[in-house]
Amino acid sequence: MAGGVVEKPADPAAGGDVYRPLAVNYINKFKGIGNWLITLDHKRIGIMYLGAVTFALLLGGLFAILLRTELLFPGTAANPEVIASNDWYNKFFTLHGAVMVFLFIIPGIPASMGNFILPMQLGAKDLALPRVNLMSLWLYWIGTVFFIGVLVLGGLDTGWTLYPPYSSGRDVQLTLIFAYTAVFILGFSSILTGLNFIVTMHKLRPPGMGMYDMPLFLWALYATSLIQVLATPVIGITLGLSIVEHLFKIGIFLPEYGGDPVMYQHFFWFYSHPAVYIMVLPAMGVQSEIIATFSRKHVFGYKAIAWSSIAIAAIGFIVWGHHMFVSGQSPTAGIIFSFLTFLVAIPSAIKVFNWVATLYKGSIDLKTPMIYGLNFIYLFGVGGLTGLFLASTANNVHLHDTYFVIAHFHMVMVGSVLNAFLGGVHLWWPKMTGRMYSEFWGRIAAIFVFLGFNLAFMPQFVAGTRGMPRRYANYLDEFTIFHQLSTIGAYLLGLGVVIQVTYLIHSLFKGKQAPPNPWGASSLEWQSDSPPDHHNFTAKPIVMGPYDYENWEYVSENRGWVLKREVVETRKTLAKADH
Amino acid sequence: MTSVLSSLGNALPLARSGSYWFPPQASDVAAGHDFLYDFTLWLCIVFFVAICGATVYFTLKYRKRLGHEAVRTATHNTKLELAWSIGPLMLLMAIFGISTYWYLHMISPPKDEYVHQIDVNAQRWNWTFKIKGEGLDGTYECAKLHLIKDRPYQIVMTTPDNDVIHSLFIPAFRLKQDCVPGRYNKLWFRPTMTHDEAGLEDGFDLFCTEYCGTGHSDMITKVMVYNTEAEWKAGVVADGDLTTKPALDRGRMIYERLCKSCHTIDGSALIGPSFKGLWGKSKEMESGASHKVDSSAEGRTYLRESVLTPGKEIVKGYPNQMTPFTWGDKTDSYLEGIEAYLESLKD
């Protein structure tokens, strides 16, 4: 019996009303770590990515807790230490940023959930290029090893942006070479994943599924992949140029050889601004799935959401200069970049309006993923709207490099990416592991994350407008209250994440067996077993719209949602007529 | 458009002593900046309340419960979607317009009056403001920025080639500009309030806002704005002319200004060796040679080289990171001060 499809009427007397998971699934089909390491199965690769990015999230989070603790008290030039010296503080924030950006946020959703879910949402057996997929995972690991090398060798204090001449102008540290290498290798991992996704979405859609019949998560991944393939090479080129500059003393970025440090900033943000959308777009995709599923409504404005992803990807390439309004860049360029930045706000706004409109007349079920979905609307609302202040040249001159910027991009990055990541993990946890997590603890943790997050970052907006510069190990007394509130918020947020890790791991051993479709979602992955077969589907999934929730009916907690009989019958008749 | 905005700017309620969000408005662009901020803020609040209000309302009204089913509504509505795309776009263009108006003001110094120039040199981790002008016999190198109210100033800034990027930020002026090695960046402003009027006896804050390493968060100084030229002159001379002070005071002030971020006086090592107990003790160098600072000819030569060409001999175990200092005709006087100060720190 294939997943959620009822092929014969259930007979309670014969025990037919109980969902029996597959005896052999993708997790237990092959045994041994060796088998995992060389697997071509997109699901196993997705799970390994999920483990790796979660590790990165916790590591980056640990650095965040350390740096927030250092900022509990002002510190002075004479007595700078709360828990660490200025130099250690500088390493904390550099490593927090670098680990979070390069190891968690950029690969996070596409590599873990994208890998696992994308082929299943297409009803396919795997990605189009499974070996390339394995290679991408290995590159990610090699990159991570280099990052661990940076930690072991004493850390790095350049900031994640690696601006010269601070980073590369003086005696070059070994850890900087390691960081360059890590970013370079991780870039290739990212490019290969993006390439694989594009090919898969073009070549492996089942008959009857056009581009407009794909779940919006896939449209988001498509737009993301385009950026990964087109923008990531630029960061590789930039780091390459920097190395060439050192080896041959050719002036590119360093003034001492006749180069220009602002040029590095152009190169860097030409990648790193689109990279912001590499981070956000998949999160928006997960968000579309969550909002639709838990409102039991067709997403409002499907095409608008789909094309706004592409529009964001396209405009996102031409706004990088807004990171450099006060760098000495020409003011004319500044005004043009400001204008373009305002344009990119529109497609993001369209998505938010469409999500809210999707809720209208739905049946809204506040399961854990949906709480993250609502958090997303709120936090992304704050993050997106505060972007308008920063897009204005006149306000940006004051706010640039203050805590206002810190608060803004954490609202966007964490508000959207972390929320969608956690929401997506809960949404697909039953599918990936075959276990249900504790709904009670799920909701508690979601509320902790929400409250902690607001307390951590709302005060930073005010500190920022009042002039608190970023990357300060010590600060003036007048900012103390904002920093202390923020630190307490960070602890709460940390507690939320710890609760989460605890009950999710607990659910692996003690969680209830998950039905194939616990949420009544309609994209194709829910027609597989939980956890799925090695080949994903034991019978050909019935292709239908990703938001046709009317096709499903709720049977019981144990069976979850199953396809209505008439839907199955109609499709069978249609299929026969075709032959 | 321009004149409307300009009169708007003048008619703004002056939150001169500072608001919930901002420090006092002490330059002639501050009011415009704050107006733009408030304008954007209120637009954002309207949209935010609408979005979150609708979300909460729908969540409560259409919550899952017995007897309630989702209703299939339209999957799209072109008119509605166009309206909520084009409407916000117009508002964004309004923000862009106001922003650009004020930005043009921020980057265009007045053409019809004399603009006083101050050169700024930023280096790890201190600021040097080279101030000259009527009533001053030459250029004074000050640790604080001294200005006269209502005069336009043009700051021309740079940082040495072997240093790193810094950024000059005066929150009360709402202005900021990076100091980039190999470039001369500029920034003009007109202070409209003295630090006394703002109730800030020590002056307005001036921060470094481009990350520059260990002492980044201590690279803070003050902006002093005076009513009269006489007050200003007194401030500049007291700050900038160390040569008139007794040698020991001179040395201490130079230390506070230029040395403190890397050298302690309590015996602990920072970037460079501590000054405590340095006097008269031989130290081994990376080159293998040995040097000490004292009042002998050799000791003074070593001290001079350590300040003017610090990369020449490096004390063993410390990085070669110090920026060379150039003091022109004040060199001898300053070295004399440093020597007196070091002697006062001997064990």
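Parameters at a glance
- Residues numbered from 1 in each chain as written.
- Chains lettered and ligands numbered in written order.
- Predicted model: local features only at pLDDT ≥ 70, side-chain atom pairs only at ≥ 80, totals over all residues.
- Heavy atoms only, no water.
- Helix = DSSP H or I, 4+ residues; strand = E, 2+ residues; numbered from the N terminus.
- Buried < 20%, exposed > 50% of the residue type's maximum accessible area, 1.4 Å probe, protein only.
- Contact = heavy atoms within 4.5 Å.
- 1 Å grid on protein atoms, 1.4 Å probe; cavity = no way out; pocket = protein on both sides within 12 Å on 5 of 7 lines; lining within 4 Å.
- Points joined across faces, edges and corners; volume = space filled by probe spheres on them.
- Nonpolar A, V, L, I, M, F, W, Y, C, P; charged D, E, K, R; others polar.
- Domains from an automatic or database assignment.
- Core = buried A, V, L, I, M, F, W, Y, C linked by side-chain atoms within 4.5 Å.
- Pairing = 2+ DSSP bridges.
- Axes fitted to C-alpha atoms, helices over the stretch in contact; angles between N-to-C directions.
- Salt bridge = Lys/Arg side-chain N within 4 Å of Asp/Glu carboxyl O.
- pLDDT = per-residue confidence, 0-100.
- Patch = residues over 30% accessible without salt bridge, like charges linked within 9 Å, V, L, I, M, F, W, Y side chains within 5 Å.
- Areas by Shrake-Rupley, 256 points an atom, 1.4 Å probe, with all protein chains shown as cover.
- Phe/Tyr/Trp six-rings, centres within 6.5 Å; stacked < 30°, edge-to-face > 60°.
- Lys NZ or Arg CZ within 6 Å of the ring centre and 35° of its normal.
- Polar contact = N/O pair within 3.5 Å; in protein donor to acceptor, adjacent residues only side chain to side chain.
- Buried area = accessible area lost by both parts, 1.4 Å probe.

Before going further, it helps to examine the overall build of chain B. Looking only at helices and strands, one finds seven helices and twelve strands in chain B. The C-alpha extent of chain B, read off along each of the three principal axes, is 95 × 55 × 35 Å. Counting the 347 residues in chain B, one finds 50% classified as buried. A sequence separation of at least 24 residues applies to 62% of the contacts in chain B between residues at least 6 apart.

All names here are of chain B. Going through the model one piece at a time under the given rule, you end up with seven cavities of 30 Å³ or more. Of the voids in this model, the largest cavity is the one considered here, and its volume is about 690 Å³. Forming the walls of the largest cavity are 36 residues, and the residues nearest its centre are H263, P273, F275, S306 and M322. Elements that contribute at least two residues to the lining of the largest cavity include exactly α5 (247-259), α6 (297-308) and α7 (331-344). For the lining of the largest cavity, the element with the most residues is α6, which contributes four residues. Looking at side-chain class alone, the lining of the largest cavity contains 22 nonpolar, nine polar and five charged residues. If you count residues domain by domain, the lining of the largest cavity takes at least three from each of domain 1 (116-242) and domain 2 (245-344). In this model, the second largest cavity occupies a volume close to 170 Å³.

Let's shift gears to the nonpolar core. One finds F421 of chain A together with W127, L145, F173 and F189 of chain B to be the most contacted residues of the largest nonpolar core, which totals 251 residues. Broken down by element, this core gets its largest block of residues, 20 residues, from helix α3 (residues 86-121) of chain A. Here L145 of chain B is in contact with I118, F129, I155, I170, F189, L206, K222, V223 and M224 of chain B, once residues within four sequence places are set aside. Of all hydrophobic cores here, the second largest spans 22 residues; its members include L258, L278, W279 and F325 of chain B.

Before going further, it helps to spend a moment on the sheet that holds strand β2 (residues 126-131) of chain B. Residues and elements named next belong to chain B. The strand order β3-β2-β1-β5-β8 describes an open sheet built from five strands, whose pairing is mixed. Of all strands in the sheet, those with a lone pairing partner are β3 (140-142) and β8 (185-189), marking the two edges. Each neighbouring strand pair of the sheet contributes to a mean axis angle of 25°, computed without reference to strand direction. Note: β2 against β3, three bridges, orientation antiparallel. What sits directly across from K130, in β3, is E141.

A word on the pattern of salt bridges. Residue and element names in this part refer to chain B. Following the criterion strictly, the structure yields 23 salt bridges over all chains and no others. We note a salt bridge from E113 to R190, for which the minimum N-O separation is 2.7 Å. On the criterion of sequence distance, the pair formed by E113 in the loop between α3 (78-107) and β1 (116-123) and R190 in the loop between β8 and β9 (204-208) is long-range, its members being 77 residues apart. For R190, a relative accessible area of 16% gives the class buried. A salt bridge links K312 to E305; the shortest N-O distance between them is 3.0 Å.

A few words now on the confidence of the model for chain B. Averaged over all residues, the pLDDT of chain B equals 89, while 95% of them reach at least 70. The low-confidence segment residues 1-15 of chain B, where pLDDT is below 50, has 13 contacts with residues more than four positions distant or belonging to other chains.

This brings us to a nonpolar patch on the surface. All names here are of chain A. A surface patch of nonpolar side chains, about 620 Å² in accessible area, is lined by F55, I148, V152, L153, V172, L174 and I177. The set of elements that each furnish at least two residues to the nonpolar patch consists of α4 (130-152) and α5 (174-203). Mapped onto the elements of the fold, I177 is located in helix α5.

Once that is clear, we can look at the packing of aromatic side chains. All names here are of chain A. With the rule as written, the count across this model stands at 66 aromatic pairs over all chains. In this structure an aromatic cluster arises from ring pairing among F102, F147, W160, Y163, F253, Y264, F267, F268 and W269. Directly above the aromatic system of W36 lies the positively charged group of R44, at a separation of 4.2 Å from the ring centroid. Residue placement shows K91 over the ring face of W88; its charged tip is 4.6 Å from the ring centre.

Right, let's talk about the environment of H408 of chain A for a bit. Residues and elements named next belong to chain A. The residue H408 is located in helix α12 (residues 403-433) in this model. Taking the C-alpha atoms as reference, H408 lies 39 Å from S530; in sequence the two are 122 residues apart. If near-sequence neighbours (up to four positions away) are discounted, H408 is found in contact with G383, T386, G387, L390 and F461. Looking at H408, its side chain comes within polar contact range of the main-chain nitrogen of G387, at 3.4 Å.

Let us now look at unusual backbone geometry. Residues and elements named next belong to chain A. Residue P165 follows P164 across a cis peptide bond; omega there is 0°. Along the chain, the position of P165 falls in the loop between α4 and α5. Here the residue pair S530 and P531 is connected by a cis peptide bond, since its omega of -10° sits within 30 degrees of zero. For P531, the location among the structural elements is in the loop between α14 (480-510) and β1 (552-556). Even without a glycine there, the phi angle at L162 is positive, about 55°. Looking at the secondary structure, you find L162 in the loop between α4 and α5.

With that out of the way, let us pick up the domain arrangement of chain B. How big an interface is tends to be reported as the loss of accessible area on association of its parts. Residue and element names in this part refer to chain B. For chain B, the assigned domains read domain 1 (116-242) and domain 2 (245-344). Each of domain 1 and domain 2 has a C-alpha centre, and the two are 26 Å apart. Taken together, the contact pairs 16 residues of domain 1 with 16 residues of domain 2. Contact between domain 1 and domain 2 buries roughly 1,400 Å² in total, counting both sides, with carbon and sulfur atoms accounting for 48%. Contact with domain 2 buries surface across domain 1, with W125, N126 and L242 losing the most and accounting together for 44% of the total. Our enumeration of links across domain 1 and domain 2 arrives at one salt bridge.

Here we come to the interface of chain B and chain A. Every contact between the two is made by 80 residues of chain B and, on the other side, 89 residues of chain A. Where chain B abuts chain A, roughly 7,300 Å² becomes buried across the two surfaces, and 66% of that area is made up of carbon and sulfur atoms. A salt bridge links E550 of chain A to R72 of chain B; the shortest N-O distance between them is 3.0 Å. In this assembly, chain B and chain A are joined by 31 residue pairs in polar contact (both at pLDDT 80 or more). Those elements giving two or more residues to the side of chain B that touches chain A turn out to be α2 (30-61), α3, β7 (175-179) and β9 of chain B. Sorting elements by how many residues they give to the side of chain B that touches chain A places α3 of chain B first, with 17 residues. Grouping the constituent residues of the side of chain B that touches chain A by class yields 44 nonpolar, 21 polar and 15 charged.

We now examine the environment of L281 of chain A. Residues and elements named next belong to chain A. For L281, the position within the fold is in helix α7 (residues 261-295). Note on L281: relative accessible area 0%, which makes it buried. Placed 27 residues apart in sequence, L281 and S308 show a C-alpha to C-alpha distance of 9.9 Å. Setting aside anything within four residues of it in sequence, one finds L281 in contact with A220, A223, T224, I227, S309, I312, A313 and K351.

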